[in-house]
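The lines below spell out each chain.
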Amino acid sequence: MKTTSILKIAVLALPLVFTACKSHKKVTEPVVMTPELIAKQDFINSVRENAQAMKFITSKVKFSVETGQQKITLTGDLKMKRDDVIRLQLMAFGFVEAGRIEMTKDYVLIMDRINKQYLKAPWMSVDFLRNSGLNFQVIQALFWNELFRPNQTALAKTNEKQFVDSIANYTLLDSGDDMIIGLEEGKMEYSWLASHSSAIIRMANILYKDRFHGNTQLNWDYDDFTKLNKKAFPQKSAITLTTPEKEVKLGMTLKYIKHEAEWEPRTEISNKYREVTVDEILRRFMSL
């Protein structure tokens with residue numbers, strides 16, 4: 001079995017498709033505030049207001065990767081600084097940092113601490129990320145359990161007209177106890193499953209449609225919510241990536257969530273480390 005696909009998942013650190021009625025028409029004319037649009041605006045506003053307001057989130061983490069018959073489980077630390085960095089530090093034997101995955105707006109860094117190897121590359125130079133429409137803004141929103149608009153740092157309410165125009169592109173479908181929020185842009189389809197009563201996102205789904213090579217789908221389930229800064233935040237994530245070749249499952253459980261700010265947001269790479277390919281560094285991770 002080729003190992004390339006698993007590391008591409010490790011880069012994410014990282015679906016069930018929910019199909020809603022989709023609008024194929026671009027919003028170019030003034031939006032008329034119909035009762036339907038007002039209801040959509042109110043609900044999406046409620047979802048957006050559930051987003052965490054703090055700048056930092058840090059936590060102990062248990063992280064697992066499963067593909068086919070292979071499965072590894074590691075403990076470590078998750079450190080995030082909003083609009084700046086997401087870092088997973090993975091431990092071997094519970095006390096030795098074995099690997100580090102660091103994502104910023106500019107690059108993805110994967111480090112094999114034990115064998116002193118690393119891979120550092122811009123997002124768009126990683127084929128899988130480029131072809132799947134994934135970037136830092138999208139990954140950050142998934143980690144932070146937030147609704148997002150592609151290519152924006154957040155679904156911001158910069159002014160009333162822009163906010164209403166933006167919401168008009170989303171679809172909203174009632175599904176029993178939940179609401180399905182949908183968005184289609186080019187080859188990408190985004191879906192969020194949010195509680196009807198609490199407006200908390202319980203699942204996010206991203207589908208990349210490729211008629212020549214097959215579809216790629218990322219599904220992120222959230223569970224075990226706790227109060228964080230008076231707002232709900234998931235302590236468990238079940239992530240499934242489905243490609244035309246295989247399915248990879250990730251599990252992430254957070255514990256002792258805090259807001260520590262005293263840590264260096266960028267990793268310095270020692271000249272003792274050797275730059276390697278995706279295949280090389282993945283083999284090391286899977287052998288831990």
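Since we're looking at a predicted model, the values are computed, not measured. All chains use their own residue numbering, which begins from 1 and follows the written sequence. Thresholds applied to this predicted model are a pLDDT of at least 70 for local features of residues and 80 or more for the giving and counting of side-chain atom pairs; totals over whole chains, interfaces and linings are not thresholded and use all residues. Processing note: side-chain calculations cover all non-hydrogen atoms of the structure and skip hydrogens and water entirely.

**Looking at the pattern of salt bridges**
The term salt bridge refers to a side-chain nitrogen of Lys or Arg lying within 4 Å of a carboxyl oxygen of Asp or Glu. Scanning all chains against the criterion turns up 10 salt bridges. A salt bridge links glutamate 102 to arginine 87, with the nearest nitrogen and oxygen atoms 2.8 Å apart. Residue glutamate 102 is found in strand 4 (residues 96-104), and its partner arginine 87 is found in strand 3 (residues 85-92); the two are separated by 15 residues along the sequence. Overlapping salt bridges, with partners in common, bring together Glu97, Arg100 and Arg113 in one network. Helical segments are the DSSP runs of H or I of at least four residues, strand segments are the runs of E of at least two, and each set is numbered from the N terminus.

**Here we look at the nonpolar core**
In these notes, a set of buried Ala, Val, Leu, Ile, Met, Phe, Trp, Tyr and Cys residues joined through side-chain atoms within 4.5 Å is what counts as a nonpolar core. Buried residues are those whose accessible area, probed at 1.4 Å on protein chains only, stays under 20% of the maximum for their type, while exposed residues exceed 50% and partly exposed ones sit between those limits. By size, the foremost hydrophobic cluster in this structure holds 62 residues, and its most contacted members are Met103, Leu142, Phe143, Trp192 and Ile206. The element contributing the most residues to this core is helix 4 (residues 136-144), with seven residues. For leucine 142, the contacting residues outside a window of four places in its chain are Ala204, Ile206, Leu218, Trp220 and Tyr222. Counting residues in hydrophobic clusters, the runner-up holds five residues, among them Tyr107, Met111, Tyr118 and Tyr273. It only takes one pair of heavy atoms within 4.5 Å for two residues to be counted as in contact.

**Thoughts on the pairing of strand 4**
Counting buried positions along strand 4 gives eight out of nine residues, so the element sits mostly inside the fold. Alignment of strand 3 against strand 4, held across eight bridges, turns out to be antiparallel. By the bridge assignment, leucine 88 is partnered in strand 4 with isoleucine 101. A strand pair is defined by DSSP finding two or more bridges across the two strands. Where strand 3 folds back onto strand 4 in an antiparallel hairpin, the turn is made up of three residues, including phenylalanine 93, whose phi is positive at roughly 60°. Bridging between strand 4 and strand 5 (residues 108-112) involves five bridges; their strand directions are antiparallel. Each bridged residue has a counterpart across the sheet, and for arginine 100 the counterpart in strand 5 is methionine 111. In this structure, the hairpin formed by strand 4 and strand 5 is closed by a connection of three residues.

**Some words on the confidence of the model for the protein chain**
In this model, the protein chain carries an average pLDDT of 82, and 79% of its residues clear a pLDDT of 70 or more. The predictor's confidence in any single residue is recorded as pLDDT, a number from 0 to 100. Below pLDDT 50 for its whole length, residues 1-27 participates in 80 contacts with residues either more than four positions away or in separate chains.

**A few points about the environment of arginine 274**
The residue arginine 274 is located in strand 14 (residues 274-275) in this model. The sequence separation of arginine 274 and aspartate 112 amounts to 162 residues, and the corresponding C-alpha distance is 9.7 Å. Among residues more than four places away in sequence, those in contact with arginine 274 are Lys116, Gln117, Tyr118 and Glu280.

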